[in-house]
Amino acid sequence: MFASDLPTPAVLIEKSRLESNLAAMQSKAKSEGVAVRPHTKTHKSVFIAGLQQDHGAQGLTVAKVGEAETFAAAGFTDIRLAYALYGDEKYARVSKLLATCRISFCVDTREGAQAASDFFSKADQIVDVVIETDIGYHRCGVLWDNPESVAFAKWVDGLPGLRVCGILTHAGHAYYGPQSEGETLAESLKRVSNQERDRMLEFAVGLRDAGVQAAVKGDLEISIGSTPSLRYFTNTTHEGFRITEIRPGNYVFHDKTQVNLGVCSWEDCALTVQATVFSKHKNDDGSERLFLDSGKKVLTSDGAYKAEGFGQIMYDSKAMVPMPHAVINALSEEHGWVRVRGGSTLNVGDTVRVVPNHSCVVVNTQPVMYLVDGENVVSTIQVDAQSKVV
Ligand SMILES: Cc1ncc(COP(=O)(O)O)c(C=O)c1O
């Protein structure tokens, strides 16, 4: 079957680009002496998680218990929930998974840790937890440089039913780009990457000094990672501690956000949305407006760093050349509005490939994706954990 025979919209994954993204991250991890525990929220697919494992990934990362259940049922045995779980319903599902799987999850509040301890100690189980650490993104996590954070970790370590096995952070602020005049994109990524590494190593030293057992014994897991902050990541040793694992997610596919941040080039974007031009009209000023059969429910409304519009239409998906004069400037639920400056060669019935602003959220809109090798459809990839947000 040819890609052009697929009904649209269709999410296509270019096999060679996927493979080279997997290999590049694995080789970086090898050179920096860290394990790759990929975040599966990007692909939500057992097949791609299997490829990651074949490339050398050690364990998986998920956000939600429903995702953990999907991958555990598929036979994966080491799953980290990079999320601060709360509530007995969630703990009960984790408790069941512990029969076949090593599961760990985040704690970052006394309420959450106490509730988890109450549940797992009553169940007569010990579950691994990681202290979610805030090194500058200010989403969740205890602040890396607050003495109370070390005291919190020490307190959690003493709770029945829980074992502190590590510390974990996500440097999501790498996505903000330069923060001061004159700072380049590359400098901004290096700044956040160094912060992420150095602050986590410093926090580990504090845990050791406070007597947190894993840190004292030297087997504290130190988990970092976002695709942009890993671009310039280098490992280092600080008082005997090193970063032990990275959790990149988006790197498997990349997207327009990563291109605009300077993390990768268009040729590294493995995921495209194949869409059909199904309507075309003239504007009062003579320009054209075309409509793609992919609106908010496929491309999603996510913006990209410094990007105009909702994804990049490519001239030529083989050479991955962007069509700069055609901008997806608005989305209805089922319509992608395209403004074309200076006329276009696109007509009703043509198909185009769009590199989305944010590939992870596009995947969650689909039950399946198509693995392609150029124009040939190689196979269908199930999105096994689609909408597993509970
Ligand atoms: C906790 C956590 N870890 C890892 C990642 C992976 O980040 P990225 O997709 O930038 O590689 C994310 C992304 O949202 C995350 O929230």
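Residues numbered from 1 in each chain as written. Predicted model: local features only at pLDDT ≥ 70, side-chain atom pairs only at ≥ 80, totals over all residues. Heavy atoms only, no water.

**Observations regarding the pattern of salt bridges**
Counted under the stated rule, the structure contains 23 salt bridges. The closest approach of N and O atoms between glutamate 221 and arginine 102, which form a salt bridge, is 2.8 Å. Here the residue glutamate 221 occupies a position in strand E9 (residues 221–224), and arginine 102 occupies one in strand E5 (residues 102–107), the gap between them amounting to 119 residues. Glutamate 221 sits in the buried class, given a relative accessible area of 16%. Connected through salt bridges with shared partners, the residues Arg37, Asp78, Arg80, Arg102, Asp128, Arg163, Glu221 and Glu245 form a single ionic network. (Salt bridge = Lys/Arg side-chain N within 4 Å of Asp/Glu carboxyl O. Helix = DSSP H or I, 4+ residues; strand = E, 2+ residues; numbered from the N terminus. Buried < 20%, exposed > 50% of the residue type's maximum accessible area, 1.4 Å probe, protein only.)

**Focus on the site of the ligand**
Taken together, the neighbourhood of the ligand is formed by 14 residues, with Lys41, Arg139, Tyr175, Thr227 and Gly249 sitting nearest. At a separation of 2.9 Å, a nitrogen atom of the ligand approaches a polar side-chain atom of arginine 247. Bound to the protein, the ligand loses 91% of the 390 Å² it would expose on its own. (Near = heavy atom within 4 Å. Polar contact = N/O pair within 3.5 Å; in protein donor to acceptor, adjacent residues only side chain to side chain. Areas by Shrake-Rupley, 256 points an atom, 1.4 Å probe, with all protein chains shown as cover.)

**Here's the deal with helix H6 (residues 147–157)**
Buried within H6 are the following residues: Ser149, Val150, Phe152, Ala153, Val156 and Asp157. Each buried residue of H6 lies within a common arc of 155° when the element is viewed along its axis, so the set occupies one face. Away from the buried face of H6 by more than 90 degrees, exposed residues Pro147 and Glu148 are located. Among the residues of H6, the N-terminal cap falls to asparagine 146, whose side-chain oxygen and the backbone nitrogen of glutamate 148 are separated by 2.9 Å. (Arc of directions from axis to C-beta.)

**A look at the nonpolar core**
Residues Ile13, Leu18, Phe105, Ile131 and Phe253 are the most contacted members of the largest nonpolar core, which totals 95 residues. Among the elements that line this core, the one with the most residues is helix H7 (residues 185–210), at seven residues. Each of two domains, domain 1 (18–252) and domain 2 (266–357), supplies a minimum of three residues to this core. Non-local contacts of leucine 18, meaning those with residues more than four positions away in its chain, are made with Ile13, Ile48, Leu51, Val252, Phe253, Ala270 and Leu371. Within the second largest apolar cluster, eight residues are counted, among which are Ala3, Leu12, Val368 and Val372. (Core = buried A, V, L, I, M, F, W, Y, C linked by side-chain atoms within 4.5 Å. Domains from an automatic or database assignment. Contact = heavy atoms within 4.5 Å.)

**Points about the layout of surface pockets**
In this model, the largest pocket occupies a volume close to 850 Å³. Surrounding the largest pocket, 37 residues form its lining, His39, Lys41, Arg139, His170 and His358 being those nearest its centre. If one sorts the elements of the lining of the largest pocket by residue count, strand E4 (residues 78–84) sits on top with three residues. Partitioning the lining of the largest pocket into residue classes produces 12 nonpolar, 15 polar and 10 charged. For the second largest pocket, the calculated volume is near 210 Å³. (1 Å grid on protein atoms, 1.4 Å probe; cavity = no way out; pocket = protein on both sides within 12 Å on 5 of 7 lines; lining within 4 Å. Points joined across faces, edges and corners; volume = space filled by probe spheres on them. Nonpolar A, V, L, I, M, F, W, Y, C, P; charged D, E, K, R; others polar.)

**Overview of the environment of serine 332**
Turning to its location among the elements, serine 332 is positioned in the loop between strand E14 (321–331) and strand E15 (336–340). Residue serine 332 is classed as partly exposed on the basis of its relative accessible area of 25%. When the C-alpha atoms of serine 332 and serine 301 are compared, they prove to be 9.5 Å apart, with 31 residues separating the residues in sequence. If near-sequence neighbours (up to four positions away) are discounted, serine 332 is found in contact with Gly295, Lys296 and Trp337.

**Considerations on unusual backbone geometry**
The peptide bond linking threonine 8 to proline 9 adopts the cis configuration, its omega dihedral lying at 0°. Tracing the backbone shows proline 9 in the segment before strand E1 (10–14). Backbone geometry places aspartate 124, a non-glycine residue, at a positive phi of 60°. Among the structural elements, aspartate 124 can be located in the loop between helix H5 (110–122) and strand E6 (127–134).

**A closer look at empty space enclosed by the protein**
Following the criterion strictly, the structure yields one cavity of 30 Å³ or more and no others. Volume-wise, the largest cavity comes out at about 60 Å³. In terms of lining, the largest cavity is formed by Glu132, Thr133, Asp134, Ile135, Tyr137, Arg139, Cys140, Leu168, Thr169 and His170. Tallying contributions element by element places E6 first for the lining of the largest cavity, with three residues. Looking at the lining of the largest cavity, its residues break down into four nonpolar, three polar and three charged.

**Points about the side chain of serine 188**
Inspection of the secondary structure assignment puts serine 188 in helix H7. Given the relative accessible area of 1%, serine 188 is considered buried. With residues near it in sequence (within four places) discarded, serine 188 still touches Gly177, Pro178 and Glu183.

**A few points about the domain arrangement of the protein chain**
Interface extent is often summarised as the accessible area lost during association of the parts. As assigned here, the protein chain comprises domain 1 (18–252) and domain 2 (266–357). Spacing between the C-alpha centres of domain 1 and domain 2 amounts to 36 Å.

**Things to note about H5**
Its 13 residues place the ends of H5 18 Å apart at the C-alpha level, agreeing with the 18 Å of an ideal helix rising 1.5 Å per residue. If you follow the buried residues of H5, they end up packed against helix H4 (88–97), E5, E6, H6 and strand E8 (162–168). A positive phi of about 60° marks aspartate 124, the residue just after H5. (Expected span 1.5 Å × (residues − 1).)

**Let's talk about the packing of aromatic side chains**
Taken as a whole and assessed by the stated rule, the structure comprises nine aromatic pairs. Consider the rings of phenylalanine 119 and phenylalanine 120, whose centres lie 5.2 Å apart with planes at 70°: the pair is edge-to-face. Side by side, phenylalanine 119 and phenylalanine 120 carry an identical accessibility label, which is buried. Consider the rings of tyrosine 137 and tyrosine 176, whose centres lie 6.3 Å apart with planes at 55°: the pair is tilted. With tyrosine 137 in the loop between E6 and strand E7 (142–143) and tyrosine 176 in the loop between E8 and H7, this residue pair connects regions lying 39 residues apart in the sequence. You can call tyrosine 137 partly exposed: its relative accessible area is 23%. Among the residues examined, tyrosine 176 registers a relative accessible area of 47% and is labelled partly exposed. Joined through ring pairs, the aromatic side chains of Tyr91, Phe105, Phe119 and Phe120 make up one cluster. Over the face of the ring belonging to tyrosine 232 we find arginine 231, whose NZ or CZ atom lies 4.6 Å from the ring centre. (Phe/Tyr/Trp six-rings, centres within 6.5 Å; stacked < 30°, edge-to-face > 60°. Lys NZ or Arg CZ within 6 Å of the ring centre and 35° of its normal.)

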